[in-house]
Structures are given as C-alpha cells and as structure tokens.
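Chain by chain, the residues run as shown.
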Amino acid sequence: MNSRREHFGSRAAVIMAMAGSAIGLGNIWRFPYIVGEYGGAAFVLAFVICSIFISIPILLCESVIGRRSHQNTFGAMQTLAPGTGWKWLGLLTVITPIIIVSYYSVVGGWSIAYLFKALTFQFRPEDAESVSGIFGLFVSSALPPVLCHLLFIGICSLIVFLGVKKGIEKFSKTTMPVLFVLIVLIAVYSLTLPGSGEGVRYLLAPDFSKLTPKAWASALGQSFFSLSLGVGTMLTYSSYVSSKEDLVLSGAGTALSDLVFAVLAGFAIMPAVFAGGITPGAGPGLVFETLPYIFAKMGDAAPVASAVVAVLFFLTILVAALSSAISMVEVGVAYLSEEKGVSRGKATLGIFLFACILGIFCSLSFGPLSSFRILGNSLFDFCDKLCSNYLMVLGALLFSVFAGWKIKKEDFLDELSNSGSIKGRGVLNATIYYLIKFVAPVAILLIFVLGLFG
Ligand code: PFF
C-alpha cells in the first residue's frame, strides 16, 4: 500500500464524501421530474430495484478496485492488471470527469449568480412574469456567466488543493448535514403552500401502467448518473478508504443518502411548482426559470419567507454542485500527482486551467458561440451527451467487466470481506459478485440500446 496517501478519517467521512459526489444537480432537477413522468411511487420502486441490483453492485466494484489498489484510476489498472490494455480504462475515467466538471461548473456558476439574485431580493412579485425570461438573457450574455463559472471552479479547486482530509473530508462533513437540513426546511415550507397537494400526488400516486421499458431504462440511467458511476470518482474516493472500513456498508449508506435526498428534493420542488399553477419540466428550466417565477409570485403573500426560501434553495444547489464537482477534480489530481509526479498544487492548477478554458467555451455556447455546432449540438450539449450517454456508460460497463472477469473471484471477495474479517456475509458478497459479473454488463448494454432507440 502507498503509505504517502491520505485516508478518510472515519466511516462517516467516507459516506459523506461519497454522498457528496452522488448528491448533485441530478437529484434536484432530474429525479423529481422523471418520478412524476413515469408513475410516481411506482417509478421510485423501479429506481430502488435498479439501485439495489445493478448500481450499488457497480459502486462496490469501483470500491473494490479503488481500495484493493490504493491508487488513482490509471494506477489501479496498472496495479491490478499490469501490462494490459486495461490502463486505457484508467485513462478514460480520468478524462471523462475532467470534461464533466468543465461544463458542470458552468451550471454551478449559474447557481452562484442566482444565489446572489436571491440575496439581493431580485425575485419580486411585480417581476414574476419577466423573471423566467431573465435566465435566457443571463446565460446568453458573455461575461457574467463566465465569471461565475470561474468563481465556481476556483472554489472547487481550492477545496481539492487543501487535500483529502483537510479539503474534501472537511467540506463534505460540514456541508452534507447542512444540505439535508436545508432541503427538509424547503420541503416543509413547500408542503404548506395552498395547492401543494397536487404536487404530492404527482410525486407519489403510484401508476404501474407507466412503468414501460423506457421508464425502467430511465430509472437505471438516473440511478447510475446519480451515484456518479463509471467515471472513477467512487474508485478514487475508495482508494482513500482504510482497509478496516466496511465497503458494503459505506456503499449502501451512500446510495441511501442519495435516494433520501432525491425524494426530499422532490417534496421541496414539486408541491411549490403545482402550488404556483405550473406544469413542471426537467433540467435547468425547472430550477432557474420555474422556481424563480414561483419565488417571485409567493412574494405577494409572504415576502420574507419567499426571499429566505429562495436563498436557501440556491445555496442548496450550489453546495450540492460543489460537492459533486470536487469529486471529479480529485480524479484528475490523483492521476497527475501519482502518475506524473507533480505536486498536488500543480496538479490542481492543471485541472483548474483545463476546466476554466473548456468551461468558458461551454458557457459561451449559450450565447456568442451558439452557432458553433458539433453534430448539431452546442458545445455544452455535446460535452454533456458525450459524457452522460456514452463515456459514463462505457466506463461503468468496463468496470463491471474488469471486476467480474479480470480480477480473481477470491480477490474480489477477499476485498469485500476485509480479508475474511467481516463474517456472515458470504451469500450476500457472492450475490454482489455475480450481479457484477453477469447482470450489470447486460443491464448496462440494455440501457445503452434503449437510450439510443427509445
Ligand atoms: N452524481 C451527480 C449528480 O447527481 O448530479 C453527478 C456526477 C457527479 C456525475 C460526479 C459524475 C461525477 F463524476
């Protein structure tokens, strides 16, 4: 084991850091919407089934690879499969999160701008109708969103620069509990609004007829994106987990936190949206257009409460986005510092500069560079589709093949049971192994095909 490497200090730290990576924009603007689209509680059930049988096993396979090697993604492949082509998987999973963080940071920057707008009471009742149009004007302007992106990636890089314990662990341990408190407060407020019952019905009324194959594919895709799988973040974080930690418990704790947060986000958002008489949509529009409109309208009846909730809401998005972004930057920093021998400071600076530049072009692709198209997409959309639809899926598929077919079964089970010191889990661990070996690769290929033609 590499003795120079840092380790997370406790199980709570491991779960908070991993949950920090998992809980992000995907929980806030995607989960609540697709739950409503695909049959409410019926979809939540499908999501839980997909998580238990496919996503958590893949999370555990990244955990096993990371902790077994105590290396960055590239080093892990070199250590566990020396002299083979698997190193390319290591490299792929360094590159993907760096691309993702570049455009994720643009959205993170928007949340800084909207937090500022909320703090300076810019969502006023008299502006309710124009507030949603402001988003289009803001993202298509050149300088403000670029500056916000630079600020976001700057804060994120600073946290990573501080190190695994003093930066990532401290940030996650401080902010994750706060994030849960904030989302509960917003949900409680949202549920008290007149007309919110319709939103609760949208989220919960189970409609099993909507559980089509496409709904199942969406459930799997969502649980996958939400748990940050296939990009090496969970592998890298697990490489900082001590040999005594119980990987299965940490993985389950991470997945549970992610699910609970997603459901709470649903209760925070949908009741307010329905109370405002709006039909919800997914994506940036839900968070940066619909909700500011609702906050502005609510200002009529309860000016202070609506202003406070607006601030808390954009703060929640900012913190959730930051804790996901730091996990992506860490993958590249671990690679550069361990494989290329550069200091942590220089490695962080390198990733920061790359993300700054790609992010600037992604940000400008909403405005001045909107006519520049790649396969019919703006640069932002191209990067997002390339990573979410292809590179993440490919990464997860290859991780499951690697863990199921390349690593020896005994070694896999040995790591999962801490060399046999965790007793009484033989059947569970063997089941996890077979899910990774047979079920996960087939299921991933299935989402991929359904995503292409669905
Ligand atoms: N899990 C994050 C979310 O739900 O927003 C997204 C994400 C984080 C994707 C980290 C990829 C990643 F490496």
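Residues numbered from 1 in each chain as written. Predicted model: local features only at pLDDT ≥ 70, side-chain atom pairs only at ≥ 80, totals over all residues. Heavy atoms only, no water.

Enquirer: Break down the layout of surface pockets for me, citing the residues and quoting the values.
Expert: Roughly 1200 Å³ of volume is contained in the largest pocket. Taken together, 39 residues form the lining of the largest pocket, with Arg 30, Phe 225, Asp 384, Ser 388 and Asn 389 sitting closest to its centre. Where the lining of the largest pocket is concerned, the elements lending two or more residues are helix H2 (25–37), helix H5 (87–119), helix H10 (213–226), helix H16 (379–406) and helix H18 (426–453). The greatest single-element share of the lining of the largest pocket, amounting to nine residues, is contributed by H16. Each residue belonging to the lining of the largest pocket can be placed in one class, and the counts come to 25 nonpolar, nine polar and five charged. Mapped by element, the contributors of at least two residues to the lining of the second largest pocket are helix H3 (41–69), helix H12 (247–275) and H18. Element by element, the count of residues in the lining of the second largest pocket is highest for H3, at eight residues. Here the residues of the lining of the second largest pocket sort into 16 nonpolar, three polar and one charged. (1 Å grid on protein atoms, 1.4 Å probe; cavity = no way out; pocket = protein on both sides within 12 Å on 5 of 7 lines; lining within 4 Å. Points joined across faces, edges and corners; volume = space filled by probe spheres on them. Helix = DSSP H or I, 4+ residues; strand = E, 2+ residues; numbered from the N terminus. Nonpolar A, V, L, I, M, F, W, Y, C, P; charged D, E, K, R; others polar.)

Enquirer: How would you sum up the nonpolar core? Please name residues and give values.
Expert: Ranked by size, the top nonpolar core spans 163 residues in total, and within it Phe 8, Phe 313 and Phe 314 carry the most contacts. By residue number, the principal contributor to this core is helix H14 (residues 303–339), which donates 19 residues. Those residues within four positions of Phe 314 in sequence are excluded, and the remaining contacts are Ser 111, Tyr 114, Leu 115, Ala 118, Phe 123, Val 287, Phe 288, Pro 292 and Phe 295. (Core = buried A, V, L, I, M, F, W, Y, C linked by side-chain atoms within 4.5 Å. Buried < 20%, exposed > 50% of the residue type's maximum accessible area, 1.4 Å probe, protein only. Contact = heavy atoms within 4.5 Å.)

Enquirer: Give me the lowdown on the site of the ligand, citing residues and values where you can.
Expert: The immediate surroundings of the ligand are formed by 16 residues, with Ala 22, Leu 25, Gly 26, Tyr 104 and Phe 225 found nearest. Between the ligand and Phe 225, the relevant distance is 3.0 Å, taken from a nitrogen atom to a main-chain nitrogen or oxygen of the residue. Burial of the ligand by the protein amounts to 100% of the accessible area it has alone, namely 340 Å². Judged by the proximity of its atoms to the pocket grid, the ligand belongs to the largest cavity. Residue assignment for the shell around the ligand shows that the elements contributing at least two residues are helix H1 (11–22), H2, H10 and H14. (Near = heavy atom within 4 Å. Polar contact = N/O pair within 3.5 Å; in protein donor to acceptor, adjacent residues only side chain to side chain. Areas by Shrake-Rupley, 256 points an atom, 1.4 Å probe, with all protein chains shown as cover. Sits in = over half its atoms within 2 Å of the grid points.)

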